[in-house]
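Chain and residue survey
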Amino acid sequence: MVRVGTVTLVLVFVVLVGVCIVTPAVAFIGWPSCSCSCLRSKSRIIPCRVGILSATAGPGTVTYPASSPCFWYEEPAKTHRVPSPFGRAAKGVEKSLQSLNWQQLRGQEHGQGHERETQQLIPSFTFEYPGASTFCAYHPGIPGTIRQIPMSLDWDNHVDDKLRLHWLLSTNNTAATYQLAPPTFEVNHGLLASLKAGQGPGMDDEGHWFLKHRLDSKRPRVHPYGSNTELCKRLKQMKQSSWKYFVVQKEIRPPMLLSSGRKFVLRAHVLAWVQPIRDTDTNTLQLFLHSNPLVSENEVSLDTVTGHAWASQPASALVLQSGSRSPSYGLAKSEELSFVRSSILEQMGSTVAAVFQELHTQHPFPRPSNSSAEALYQLYGLDFMLNSSGKVFLLEVNRSPRIATGAMGDAHGCYTELLMQAMQILGVTETKATNSEELILPGPGKFGVWRDIYHATL
C-alpha cells in the first residue's frame, strides 16, 4: 500500500508540473492552426506542404514584405518528385528572376510568429509539369491570377492525344487540304485488312511504319516496323483491348537528311494565351511561336539509295529515344539548314494556326465559370519533320513538353531565355504587358524570340 501511494503521489506531481509549464507556453505561442508547419509573418502567412519554399530573415523569425515580387516551389506531400518543372533550366530561370530583384522563398521546417491576423499569399502565376513541384510566383502588380489551361476542360486534349489530333485534322478534309501530318491510322480490324491487301492511301509497302502510344505514357514511345507484314504480326500479338491506346503512322518519304545521312526531328515551342474580354462572355486566343526550334538527330544514318538503315544497325535506332544520340541544338546554329530556316518557321506558323483554328472551330473553348484566373496559358511542344523538298509535317503535339531534361540535350540556355520571355509576354515579370492595350513582344535574345502568329476570338 505504501508503494502504491508513493507512485500515485509522484504521478500527480509530474502532471501538475507539466500543466504549469505547458499552459503558459501555449498561451504565449498559441496552438498551431493546422497539422502541417506554417510560415507566419506580420504581412503574410504561407501554408506549407512538404517541400514548400519560404523566406527567413533570421533565426526564429519569418518576415517578408507583401509588396515585393517573389517565387517559390510548392510540392504536394509525395516523394520522389522533380524539384522544378523547369528541369535543368531551373537555375537559369532563378538567376534571371533574382537579377530582376525577385526573391526566392526558401524552405523552413517550423515558422514562428505571434500575429493572428494574417493573409494568405496566393501565387499570381504558376507553372506545373507532371511529376514535378509547382513553380509559384507572386507580383503585387498583377491584378489577377495567371494559370495553365486546366486539363479538366478537355479542350487541348484534342491535340495532345495523337488519335484525337488525327480526327481533328481529318474533319473537313483539313489534313488533305493542307497536308499537315503524315498518314495516321487508328488501330482496328480495318487497318489490318488494308495492310494485308496493301491497298488504300499510304498502304504501300515502302518505308517504315511507326506504332505510337496515343499519350506517350509508354516507354519506348515509338516502335518502328519495316514492312506491312511486320506491323501486322505485331498488331496480332497485341491484345485487341490495347489497340485503342495506339496509333500507326507512316514514315515521311523521302525524308530530308543532314550531311551525315541522318534524319532529324524539329521540336518547336508554342505559347497559347487566353484572355477574357471585359464585360463579355468571350475570350481572345493568341499564339506565339519561338523562332529557334531544337534539332534532334537520329542515332544512325540512312542509306541514301535504299532509304533504309544500315544493315548493322537495329531498326529502333531510326527513332528518337533517350540514349546515345548527339545533344539537340538550335536551328539557328545549323549552317546546312540555314537555306530552309525561314521557310521552316513560316510553315510551322501556318500549321500551328491551322491546327488551333480547327480546334476552336470544332471544340469551342469552355472557359470554366468558376475560374478566378485573369488569364489562362499553355506552353506546347510540337514535333515536326521535313521531306526532301523541305515540306514540313506535324508529327505530334505535347501539352506538357519536357523542359531542358536530358532527353532534350544541352539546350538549357535556350530554355531559360524562352521561359523568361514567355513570362514577360504573360505579364509576370513586366506587368505593363498585362495592363496595356497593345502587347509589346520582348526583343530578340541570344537564342531567339517569340513571334505572334495567330489571333482569334473564342
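Structure first, text after, so check above.
The numbers attached to residues start from 1 for each chain and follow its sequence in the written order. The predicted origin of the model limits local features to residues at a pLDDT of at least 70 and limits the giving and counting of side-chain atom pairs to 80 or more, whereas totals for whole chains, interfaces and linings rest on all residues. Excluded from the side-chain calculations are hydrogens and water; all other atoms, namely the structure's heavy atoms, are used.

For two strands to be treated as a pair, DSSP must find no fewer than two bridges joining them. Secondary structure is summarised from DSSP: a helix means a run of H or I of at least four residues, a strand means a run of E of at least two, and numbering begins at the N terminus for each. Spatially, the four strands line up as an open sheet ordered β8-β11-β9-β10, and their pairing is antiparallel. At either end of the open sheet lies a strand with only one pairing partner, and these are β8 (184–186) and β10 (222–225). Averaged over all neighbouring strand pairs, the angle between strand axes comes to 25°, with direction disregarded. In this structure, strand β9 (residues 209–213) lies alongside strand β11 (residues 246–250), joined through five bridges in antiparallel fashion. Note on β11: the bridge partner recorded for H213 is F246. Note on contacts: a residue pair qualifies if any of its non-hydrogen atoms lie within 4.5 Å across the two residues. The axes are straight lines fitted to the C-alpha atoms, using for helices just the contacting stretch, and the angles between their N-to-C directions are given from 0 to 180°. Relative to β9, helix α7 (residues 228–237) is tilted by about 30°, and along the sheet it contacts β9, β10 and β11.

Quick look at the nonpolar core now. The term nonpolar core refers to a set of buried residues drawn from Ala, Val, Leu, Ile, Met, Phe, Trp, Tyr and Cys, joined through side-chain atoms within 4.5 Å. Three exposure classes are used, based on accessible area relative to the maximum for each residue type with a 1.4 Å probe and protein chains only: buried under 20%, partly exposed in between, and exposed over 50%. Residues W155, L266, V355, Y380 and F384 are the most contacted members of the largest nonpolar core, which totals 43 residues. Mapped onto this core, the elements with two or more residues apiece are α4 (162–170), β12 (262–276), β13 (283–290), α8 (341–362), β16 (373–386), β17 (392–398) and β18 (450–457). Discounting residues that sit within four places of it in the chain, F384 has contacts with F264, V265, L266, A268, M348, T351, V352, V392, F393, L394 and L395. Core analysis: the second largest hydrophobic core is formed by 33 residues, Y73, L294, M423 and W450 among them.

Now for the packing of helix α2 (residues 90–99) against helix α9 (residues 412–425). Each pair of packed helices can be summarised by the angle the axes make with each other and by the distance between the axes. Between α2 and α9, the least distance of the axes is 9 Å, while the angle of their chain directions is 45°. Classified by the interaxial angle, the pair formed by α2 and α9 is oblique. By crossing handedness, the relation of α2 to α9 is classed as right-handed. On α9, the residues touching G92, V93, S96 and L97 of α2 are T416, L419, M420 and M423. Residue composition of the contact of α2 with α9, by class: five nonpolar, three polar and no charged. Roughly parallel covers angles under 35 degrees, roughly antiparallel covers those over 145, roughly perpendicular covers 65 to 115, and oblique covers all other angles. Here is the rule for handedness: rotate from the far helix to the near one, and if that takes an anticlockwise turn smaller than a right angle the crossing is left-handed, while a clockwise turn gives right-handed. Residues are grouped as follows: nonpolar covers Ala, Val, Leu, Ile, Met, Phe, Trp, Tyr, Cys and Pro; charged covers Asp, Glu, Lys and Arg; every other residue, Gly included, is treated as polar.

A separate point is the pattern of salt bridges. What makes a salt bridge here is a side-chain nitrogen of Lys or Arg within 4 Å of a carboxyl oxygen of Asp or Glu, nothing more. For the structure on display, the rule yields seven salt bridges. A salt bridge links D154 to R164, with the shortest nitrogen-to-oxygen separation between them at 3.1 Å. With a gap of 10 residues between them, D154 in the loop between β7 (145–148) and α3 (157–160) and R164 in helix α4 connect regions that are remote in the sequence. Note that E297 and R262 form a salt bridge whose closest N and O atoms lie 3.5 Å from each other. One end of the pair, E297, is in strand β14 (residues 294–301); the other, R262, is in strand β12, and 35 residues separate them in sequence.

So yeah, pure geometry; function would need other evidence.
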